[in-house]
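Coordinate inspection notes
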Amino acid sequence: MPKQLLIESDPIPDEVELIIIDLGSTPQMPPEDTLVENQTIYLLPKPVTVIEVGQPFELTSAAQIVATGDALAAGNLLADYLRPATGFVLPVVEATDAEHPVLHLLIDPNISDDEEAYRLEVNAESVTLRAPALAGLFHAVQTLRQLLPPEIYGASLVTSIRWSMPGVTIKDQPRFPWRGGHLDVCRHFFPAHYVKRYIDLLALHKFNRFHWHLTDDQGWRIEIKRYPRLTEVGAWRRETMLGHWSDQPRRFDGKPHGGFYSQDEIREIVAYAAARGIIVVPEIEMPGHAQAAIAAYPELGNVDTPLEVSGEWGISDNVFNVEESTFTFLQNVLLEVLDLFPSPYIHIGGDEVPKTQWNTSPTAQAYMRAHGLPDAHALQSDFIRRMDRFLNAHGRTLVGWDEILEGGLADNAIVMSWRGEEGGIEAAGQGHDVVMTPESDTYFDHYQFDPSSEGVAIGGLTSLEKVYGYEPVPAALAPDQAKHVLGSQGQLWTEYVPTIERLEYMVYPRMCALAEVVWSPRERDAYARFVDRLRTHVKRLDQMGVNYCRRAL
Ligand code: ACM
């Protein structure tokens, strides 16, 4: 039985009702009349422990937020979150007096060794958020929002509500350090203002990585000052495939599509994410998924035929060549990327690299002979190793999809295991860190229901229940290998996701289920109880106007 199901047996002070509740369940709940007002607490992801104790705190315009030093950023975020719906412009101050109800944010190194851990205490007089570092305070702020009525998530003023929070003591910390949400902005472009909303939703669910897939065959989406044609040419395609890629005959819409993020927009998004505890991990694909870049700069390719930015889905044969000038080009691109993204991790793709062109290219053959490489897999490995050394020399860690195992894994690489778990198991066995991203469980471009009922998607069937049931640590790993599993991440590839409405339908509520997988303790609620909590949680998403898929609820 999980710890939080136990009724507290320590001596209980007479005047205080002290109950440890099991979130979203009924068996241990006391009769209705012993509960303080508005006490149904539905938190998502579920915290480690919630103790319901004492009287609620009522938030009024008299409240003040106390935060100094590193806590200030979380205090400001809290004030911003509370303002639209309440209309309260709560001051963020260094200290206050007894006149004011107080929301107190404190850095307290004694809480935990995990910077993302936090404690949250609510009683009639005050609310206290404690964490060893700012990262934990951000999560405490998200939990605090969930203790308020769902209307707190709305964008406009609500005057008919009492903004009360139940009296609770919450102790919480994440299970995994890598909790990611991925977004492909190449197959379809989503504007900067929407990327911020995507980040808002990740932060709400206590994710801490935004994996931004910025380059692919169908579009190059990041401004690179040194190579302007990457976006002048590479960000735009003439037309886009209609229907599923396997449909015959192939059909196209005849409409140009494209867009890119300026470096100013990228800096703004990176700062926006950091102010919510999220690291933005950029992905610059190489050596495959390179057709948009080659269309812009044909000298990067292996063939003389001019290329267009692709309007088709599927895997393109057009990969980067292995001329020294191409390595220089890619490293120059990465230098600008490093300048824009403080992330310790830089993703270089590495997936789906057909070897067709290298196998016939005289340059590639000469390169393999000169470097003693037996085949094109070894060449792919050599390519990634060069990037690994380059990134390491600049103090960063390379991340790549599991194909980077082929021909030998670069020394310090982190592997994202997407073609099942085998790549992750192999890499962890070699002592490498891994992020488990198997398509069967974490690809949100898959169907959620019977395909005939859902509009076109790439394939697969990844139901909400399947995501919720995912266990990121494969049973095959010994404990010393299991520690290399950094966590998991939800992927959204956007071939079949042309609009924001469709995007949100595909990602939510599956991302809510994944939030529990990566944050909550390993022994999770039964699925039905999770869904029960989710039914309340989506009221928050309703307030934000999220077009989540309602069918699983
Ligand atoms: C991938 O889905 N090609 C990583």
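Owing to the predicted nature of the structure, the values given are computational and were not obtained by experimental measurement.

Let us look at the packing of helix α3 (residues 192–204) against helix α5 (residues 263–274). It is at 10 Å that the axes of α3 and α5 come closest, and there the two elements cross at 15°. As summarised for this structure, α3 and α5 are arranged roughly parallel, according to the angle between their axes. The interaxial crossing formed by α3 with α5 has right-handed handedness. Every residue of α5 that contacts α3 at Ala192, Val195, Lys196, Ile199 and Asp200 is listed here: Glu265, Glu268, Ile269, Tyr272 and Ala273.

Moving on to unusual backbone geometry. Here leucine 44 and proline 45 are connected by a cis peptide whose omega angle stands at 0°. Tracing the backbone through its elements, the reader meets proline 45 in the loop between β1 (18–20) and β2 (49–53). Following methionine 286, the chain continues into proline 287 via a peptide bond in cis, with omega recorded as -10°. Even without glycine at this site, histidine 289 takes up a positive phi of about 50°. Topologically, histidine 289 is positioned in the loop between β19 (279–286) and α6 (291–296). Its identity is not glycine, yet glutamate 352 carries a phi of approximately 45°, on the positive side. Take glutamate 352: its relative accessible area is 23%, and that puts it in the partly exposed class.

Bringing the packing of helix α1 (residues 72–86) against helix α2 (residues 134–147) into the picture now. Where α1 meets α2, the axes come as close as 9 Å, and the angle between the chain directions of the two elements is 20°. Accordingly, the angle class assigned to the pair α1 and α2 is roughly parallel. When the axes of α1 and α2 are compared, the crossing they make is right-handed. Where α1 abuts α2, its residues Ala73, Ala74, Leu77, Leu78 and Tyr81 lie against Leu134, Leu137, Phe138, Val141, Gln142, Leu144 and Arg145. Tallied by class, residues from the contact of α1 with α2 come to 10 nonpolar, one polar and one charged.

A one-sided burial pattern is seen for strand β10 (residues 168–172), the buried positions being Val168, Ile170 and Asp172 and the unburied ones Thr169 and Lys171. As defined by bridge partners, β2 adjoins β10 across four bridges and the pair is classed as antiparallel. Of the residues in β10, the one forming a bridge with valine 50 is isoleucine 170.

The rules behind each value
- Residues numbered from 1 in each chain as written.
- Predicted model: local features only at pLDDT ≥ 70, side-chain atom pairs only at ≥ 80, totals over all residues.
- Heavy atoms only, no water.
- Axes fitted to C-alpha atoms, helices over the stretch in contact; angles between N-to-C directions.
- Helix = DSSP H or I, 4+ residues; strand = E, 2+ residues; numbered from the N terminus.
- Parallel < 35°, antiparallel > 145°, perpendicular 65-115°, else oblique.
- Left-handed = near helix turned anticlockwise from the far one by under 90°.
- Contact = heavy atoms within 4.5 Å.
- Buried < 20%, exposed > 50% of the residue type's maximum accessible area, 1.4 Å probe, protein only.
- Nonpolar A, V, L, I, M, F, W, Y, C, P; charged D, E, K, R; others polar.
- Pairing = 2+ DSSP bridges.

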